[in-house]
Amino acid sequence: MGILVINSGSSSIKYQLFNMDDESVLAKGLVERIGIEGSRLEQEVNGEEIEIEQEIADHSVGMKLVIDTLTDTETGVISDVEEIDAVGHRVVHGGEYFDGSVVVDDDVKEKIEECAKLAPLHNPANLMGIEVCEELIPNAPQVVTFDTAFHQSIPKESYMYALPYEFYEKHRVRRYGFHGTSHKFVAQRVAEEMGQPVEDLKIITCHLGNGASVTAVKNGKAYDTSMGLTPLEGLVMGTRCGDIDPAAVPFIMEKEDLSPQEMDQLMNNKSGLLGVSGVSSDMRDVEDAASDGNKRAQLALDMFTNRVKKYIGSYTAEMNGVDAIVFTAGIGENGSEVREASCSELDYLGVKIDADKNNVRGKTQEISTTDSKVNVYVIPTNEELVIARDTKELIK
Ligand code: AMP
């Protein structure tokens, strides 16, 4: 069974074609710079890469190029578009409507559009991907998986903000959380690794990438998460500030004469590792600068890991304990120093990291000592596989 997984962004389309009979990846690729100069497609099949540079005016042209490349007689992996049995889409915001993946119909599309007010950069682009696929792959059912869905189980006292209640009623201002597909996947995987039912465990999952969030997973369900109404709250990220005193926002706006949009941009695109270090938003660059003696880069690193540690502590308190801590995504899977620093001085919880085991990149491994009371793991995330599995399940 061929399932195509699509992550449609404002100027890009990421895709993976799975053979779901054995969950193997037949091809994966990226169309980028849609609608701007230098647009291109790159595709990887069995480790071999091809690149096609051509004008890609819009998502429809981009998606057509994806299908042409997948079905190309020389570089393709399928002979006909009919071999795509279903398409699974990543959609960022499902609001309070969706606590799981669903088959697309007009009502689902309307709700995705309605949630665009909560994710103006993402939902319209995600919806565009769905509509283009409906047009170009008309016989394949479409399924959507939401970044917010896993977090819908979070109890009200954790998802509400202590603002006047009417703003929840009028505008649905509350915590939604993001990266849900990833948190759910690694929580289930760590339970498998530990040989215990996920329903019996208290797990803290740390998705540390350019965007980063921590989730408390109690008895297999999300119990709290660090991202909020938008993906800005919580951890220090590549370019996002994460938690700050909300009163700093009007204070800076007044001092610097900034509009709400400019302030939003400052907190989303100019802050975090980049804003503090002044070097880069990329953890590798910040680590390199810190080891060359750059003090601001070291400060950015220390702030990043300190914030992770704070969340581990607070989620342990909320769940009344923790059995496992998982690190995933670009930094979580590769950054051994970040993992070590985030787990340092957690001995009061019985967390002990084994330095040798922690010297690992991009593969599933337990990194805690045998006498650690909490099992700490690195688990590579695979959001695309979750989307493909949900799609297969729903179209059965
Ligand atoms: P993602 O958004 O999941 O692709 O993660 C991107 C982040 O992972 C960037 O900040 C990268 O610097 C970081 N990253 C990738 N490889 C490493 C590494 N070897 N050590 C530390 N950070 C890494």
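- If you check an unreviewed UniProt entry, the protein appears there as Acetate kinase from Halobacteroides halobius.
- Per UniProt, the protein has the following entry under Subcellular location (unreviewed entry): "Cytoplasm".
- A UniProt comment under Sequence similarities (unreviewed entry) is attached to the protein, and it reads "Belongs to the acetokinase family."

1. Here we look at the overall build of the protein
Phase 1: Per the secondary structure count, the protein includes 14 helices and 14 strands.
Phase 2: The C-alpha radius of gyration of the protein comes to 21 Å, within 12% of the 21 Å expected for a compact globule of 396 residues.
Phase 3: Based on the C-alpha atoms only, the size of the protein along its principal axes is roughly 60 × 55 × 45 Å.
Phase 4: Among the 396 residues that make up the protein, the fraction classed as buried is 48%.
Phase 5: A fraction of 60% describes how many contacts in the protein between residues 6 or more apart in sequence connect residues 24 or more apart.

2. Description of the site of the ligand
Phase 1: Every residue near the ligand is listed here: Gly209, Asn210, Asp282, Met283, Arg284, Glu287, Ala329, Gly330, Ile331, Asn334, Gly335 and Arg361.
Phase 2: Contacts to the ligand include Asn210, whose backbone N or O atom sits 2.9 Å from an oxygen atom.
Phase 3: Arg284 places a main-chain nitrogen or oxygen 3.2 Å from an oxygen atom of the ligand.
Phase 4: When contributions to the shell around the ligand are tallied by element, the ones reaching two or more residues are α10 (283-291) and α12 (329-334).

3. A few points about the UniProt feature "binding site: Mg(2+)" (unreviewed entry) in the protein
Phase 1: Taking the numbering used here, the UniProt-annotated feature "binding site: Mg(2+)" (unreviewed entry) corresponds to Asn7 and Glu383. The largest pairwise C-alpha distance within this set of annotated residues, which runs over 377 residues, is 10.2 Å, so the set is compact in three dimensions.
Phase 2: Turning to its location among the elements, Asn7 is positioned in strand β1 (residues 2-8).
Phase 3: Ignoring anything within four residues of it in the chain, the contact list for Asn7 reads Ser12, Ile13, Lys14 and Arg90.
Phase 4: Since its relative accessible area comes to 16%, Glu383 is described here as buried.

4. A word on the environment of Glu44
Phase 1: Residue placement: Glu44 occurs in strand β4 (residues 40-45).
Phase 2: Once residues lying within four places of it in the same chain are set aside, the contact partners of Glu44 are Ala27, Lys28 and Glu49.

5. Some words on helix α14 (residues 383-395)
Phase 1: Taking 1.5 Å as the rise per residue, α14 with 13 residues should run 18 Å; its terminal C-alpha atoms sit 19 Å apart, in good agreement.
Phase 2: Considered for burial, the residues of α14 that qualify are Glu383, Leu385, Val386, Ile387, Ala388 and Thr391.
Phase 3: Taken together, the buried residues of α14 touch β1, β2 (12-19), β6 (84-91), β8 (142-146), α6 (180-194) and β9 (202-208).

6. Structural notes on the nonpolar core
A general feature of soluble globular proteins is that nonpolar side chains tend to end up buried together.
Phase 1: Ranked by size, the top nonpolar core spans 41 residues in total, and within it Ile204, Cys206, Leu208, Phe304 and Ile325 carry the most contacts.
Phase 2: Among the elements that line this core, the one with the most residues is helix α11 (residues 295-319), at nine residues.
Phase 3: For Ile204, the residues in contact, after removing those within four places along its chain, are Val214, Thr215, Ile312, Tyr315, Thr316, Met319, Val322, Ala324, Ile325 and Val326.
Phase 4: Counting residues in hydrophobic clusters, the runner-up holds 29 residues, among them Tyr168, Val190, Leu385 and Val386.

7. Section: the UniProt feature "binding site: substrate" (unreviewed entry) in the protein
Phase 1: Taking the numbering used here, the UniProt-annotated feature "binding site: substrate" (unreviewed entry) corresponds to Arg90.
Phase 2: Turning to its location among the elements, Arg90 is positioned in strand β6.
Phase 3: Accessibility expressed as a relative area gives 22% for Arg90, which makes it partly exposed.
Phase 4: Residue contacts for Arg90: discarding those within four places in its chain leaves Ile6, Asn7, Asn126, Thr145, Asp147, Glu383 and Ile387.

8. A few points about a negative patch on the surface
Phase 1: Together, Asp21, Asp22, Asp80, Glu82, Glu83 and Asp85 make up a negatively charged patch on the protein surface.
Phase 2: Along the chain, Asp85 turns up in strand β6.

9. Some words on the pattern of salt bridges
Phase 1: Inspection of every chain in the model, using the stated rule, returns 19 salt bridges.
Phase 2: The salt bridge partner of Glu23 is Arg389, with a shortest N-O separation of 2.8 Å. Residue Glu23 is located in the loop between β2 and β3 (24-32), and its partner Arg389 is located in helix α14; the two are separated by 366 residues in the primary sequence.
Phase 3: Judged by relative accessible area, which is 32%, Glu23 ranks as partly exposed.
Phase 4: In this structure, Lys111 and Asp107 form a salt bridge, with 2.9 Å as the shortest nitrogen-oxygen distance. With a gap of four residues between them, Lys111 and Asp107 both fall in helix α2 (residues 106-114), about one helical turn apart.
Phase 5: A relative accessible area of 39% places Asp107 in the partly exposed class.

Rules of the game
Residues numbered from 1 in each chain as written. Predicted model: local features only at pLDDT ≥ 70, side-chain atom pairs only at ≥ 80, totals over all residues. Heavy atoms only, no water. UniProt positions renumbered as here; feature names shortened; annotations may be inferred. Helix = DSSP H or I, 4+ residues; strand = E, 2+ residues; numbered from the N terminus. Rg over C-alpha atoms; globule rule 2.2 N^0.38 Å. Buried < 20%, exposed > 50% of the residue type's maximum accessible area, 1.4 Å probe, protein only. Contact = heavy atoms within 4.5 Å. Near = heavy atom within 4 Å. Polar contact = N/O pair within 3.5 Å; in protein donor to acceptor, adjacent residues only side chain to side chain. Expected span 1.5 Å × (residues − 1). Core = buried A, V, L, I, M, F, W, Y, C linked by side-chain atoms within 4.5 Å. Patch = residues over 30% accessible without salt bridge, like charges linked within 9 Å, V, L, I, M, F, W, Y side chains within 5 Å. Areas by Shrake-Rupley, 256 points an atom, 1.4 Å probe, with all protein chains shown as cover. Salt bridge = Lys/Arg side-chain N within 4 Å of Asp/Glu carboxyl O. Lys, Arg positive; Asp, Glu negative; His and termini not counted. Charge placed at Lys NZ, Arg CZ, Asp CG, Glu CD.

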